[in-house]
Amino acid sequence: EAVAAEWMLEFACSCLCRHFAEQSGAEFWRWRDVAQALISGLSQIPQHQKKTVYLCQLLIRIAQGKSLGLQFENDQRISPLESALSFWTLLEREEIKLEKLHEEIRRLIQIQIVAVHMENRYFREAAEVLERLFTDSESDKPLRVKLATVIKTKDPYVPLLQSFSYSLLISKIKSYIELFMKENETNFLIQEATKYVVSKGLGATTMQNRPVEVNENGKSDLETKQRFVLSIIRLRDVLGQKLATSTFPIFFKFVFFCGLNSIQNGGQNEVSLACSRRRQKWTPKEDLELKLGVREFGVGNWAKILAHGNFNNRTSVMLKDRWRTLSKIK
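Residues numbered from 1 in each chain as written. Predicted model: local features only at pLDDT ≥ 70, side-chain atom pairs only at ≥ 80, totals over all residues. Heavy atoms only, no water.

Under an unreviewed UniProt entry, the chain has the name Telomeric repeat-binding factor 1 and belongs to Setophaga kirtlandii.

J.: Is there a simple way to think about the overall build of the chain in this case?
T.: Scanning the chain for helices and strands turns up 16 helices and zero strands. For the chain, the computed accessible surface area is about 17700 Å², with 53% contributed by carbon and sulfur atoms. (Helix = DSSP H or I, 4+ residues; strand = E, 2+ residues; numbered from the N terminus. Areas by Shrake-Rupley, 256 points an atom, 1.4 Å probe, with all protein chains shown as cover.)

J.: What is the right way to look at the state of the cysteines in this model?
T.: Covalent bonding between the sulfur atoms of two cysteines defines a disulfide. Overall, the coordinates contain zero disulfides when judged by the stated rule. Here Cys-56 is not disulfide-linked; the sulfur of Cys-13 is the nearest cysteine sulfur, at 3.7 Å. (Disulfide = S-S within 2.5 Å.)

J.: Which parts of the structure should I look at to understand the packing of helix H5 (residues 99-119) against helix H9 (residues 166-183)?
T.: Helix packing geometry: the angle between the two helix axes and the distance between the axes. At a closest axis distance of 9 Å, the pairing of H5 and H9 adopts a crossing angle of 150°. In the crossing of H5 with H9, the sense of the turn from one axis to the other is left-handed. On the side of H5, the interface is formed by Leu-101, His-102, Glu-104, Ile-105, Leu-108, Ile-109, Gln-112 and Val-116, while H9 contributes Tyr-166, Leu-168, Leu-169, Lys-172, Ile-173, Ser-175, Tyr-176 and Leu-179. Its residues assigned to classes, the contact of H5 with H9 shows 11 nonpolar, three polar and two charged. (Axes fitted to C-alpha atoms, helices over the stretch in contact; angles between N-to-C directions. Left-handed = near helix turned anticlockwise from the far one by under 90°. Contact = heavy atoms within 4.5 Å. Nonpolar A, V, L, I, M, F, W, Y, C, P; charged D, E, K, R; others polar.)

J.: Please clarify how the packing of H5 against helix H7 (residues 141-153) should be interpreted in this entry.
T.: In contact at an axis separation of 11 Å, H5 and H7 are set at 15° when each is read in the N-to-C sense. What the angle tells us is that H5 and H7 run roughly parallel. The hand of the H5/H7 crossing is right-handed. Counted together, Arg-107, Gln-110, Ile-111, Val-114 and Met-118 of H5 and Leu-143, Leu-147, Val-150 and Ile-151 of H7 form the full contact between these two elements. Looking at the contact of H5 with H7 residue by residue, the classes come out as seven nonpolar, one polar and one charged. (Parallel < 35°, antiparallel > 145°, perpendicular 65-115°, else oblique.)

J.: Mind showing me how you'd approach the packing of aromatic side chains here?
T.: Aromatic ring pairs are described here by two measures, namely the spacing of the ring centres and the angle between the planes. Tallying each qualifying case throughout the model produces six aromatic pairs. On the numbers, 6.4 Å between centres and 50° between planes, the contact of Tyr-54 with Phe-87 is tilted. Residue Tyr-54 is found in helix H3 (residues 50-63), and its partner Phe-87 is found in helix H4 (residues 80-94); the two are separated by 33 residues along the sequence. Across the pair, Phe-87 and Tyr-54 agree in class, each one buried. Where Trp-282 meets Phe-311, the ring centres are 6.2 Å apart and the plane angle is 70°; that geometry is what we call edge-to-face. (Phe/Tyr/Trp six-rings, centres within 6.5 Å; stacked < 30°, edge-to-face > 60°. Buried < 20%, exposed > 50% of the residue type's maximum accessible area, 1.4 Å probe, protein only.)

J.: For this particular structure, what's the right way to read H5?
T.: In an α-helix, one full turn covers 3.6 residues, which means residues spaced three or four apart are oriented alike. In this model H5 runs 30 Å from its N-terminal to its C-terminal C-alpha over 21 residues, within 8% of the 30 Å that 1.5 Å per residue would give. Counting buried residues along H5, 16 of its 21 residues qualify, which places the element largely inside the surrounding structure. Of the residues flanking the end of H5, it is Arg-121, one or two places downstream, whose phi is positive at about 65°. (Expected span 1.5 Å × (residues − 1).)

J.: Where do I start with the pattern of salt bridges in this structure?
T.: As a working rule, side chains carrying opposite charge can pair if their charged atoms are close by. Tallied over the entire structure, the rule returns 16 salt bridges. Note that Arg-32 is salt-bridged to Asp-33, the shortest N-O span being 3.1 Å. The class for Arg-32 is buried, based on a relative accessible area of 19%. Across the pair Arg-106 and Glu-92 runs a salt bridge whose closest N-O atoms are separated by 2.8 Å. Linking Arg-106 in helix H5 with Glu-92 in helix H4, this pair joins segments that are 14 residues apart in sequence. Assessed through its relative accessible area of 18%, Arg-106 is described here as buried. The exposure class assigned to Glu-92 is buried, which follows from its relative accessible area of 19%. Taken together, the shared-partner salt bridges connect Lys-66, Glu-119 and Glu-296 into one network. (Salt bridge = Lys/Arg side-chain N within 4 Å of Asp/Glu carboxyl O.)

Encoded structure:
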């Protein structure tokens, strides 16, 4: 079970990285839950998986960094981004060859911690968090002084905050993910899935009866789904007998069978999910998230807004329709 848990954690982390980079909101949240369940089940973090765990926790917090109402720490003053900074610090300690990128991401997280508070008009809290973020070292002083001046203006749209925006932070995190994935492309489950598919001649037929889905940017997500299918096929084959026994953890049964069923019954499930989503009324909080998203990413970038906002089971199409409604009301 311990070995299987390690394999699944590696696989869940690679899925989180991929969906974060592709801004696949719904898939990212699904694998967030899987990763969190696996991490919670660890009695201690194995040394060789520390970076994997830290990266999962970082991405989860960065993705929800603008939602100040969310709590990841016992201290209610700690925002999601401030919590993310603590995991970024742990990641920095695990590697030494990316010093420039480390410094860039650290500064962007620090700036955005203050910026998000200011966007929500929490100026007093922004000043308090500034005191927690920076030490008295000379290297921190210039940025600390600039941010203190920005807070006094009570203007969340000053050039400094716009130049070091949340979208730039996301872009830098993606760059880090790309490097991380290159160093960790020997994922056991993906390797075994590939071998199995090649040996069975399934590569050309696994997805031939599935329609190619295209996202709003016109890019096919066939490759992403295919990778997932191939991995599930291999997992089902290797662990199928174990899954049938009561001694294997219920969690793994859930992961494997739900993952497989979501692919096999994709069309029907997507229709039923869309129907259930349409019945949900928009809350004032969701409207605010939508407005903030449009302000940051612009009208039309619904996939980005969905990925970075805190919405209740919405789709990018629903965001577009809601914005049209809000515009008419205005």
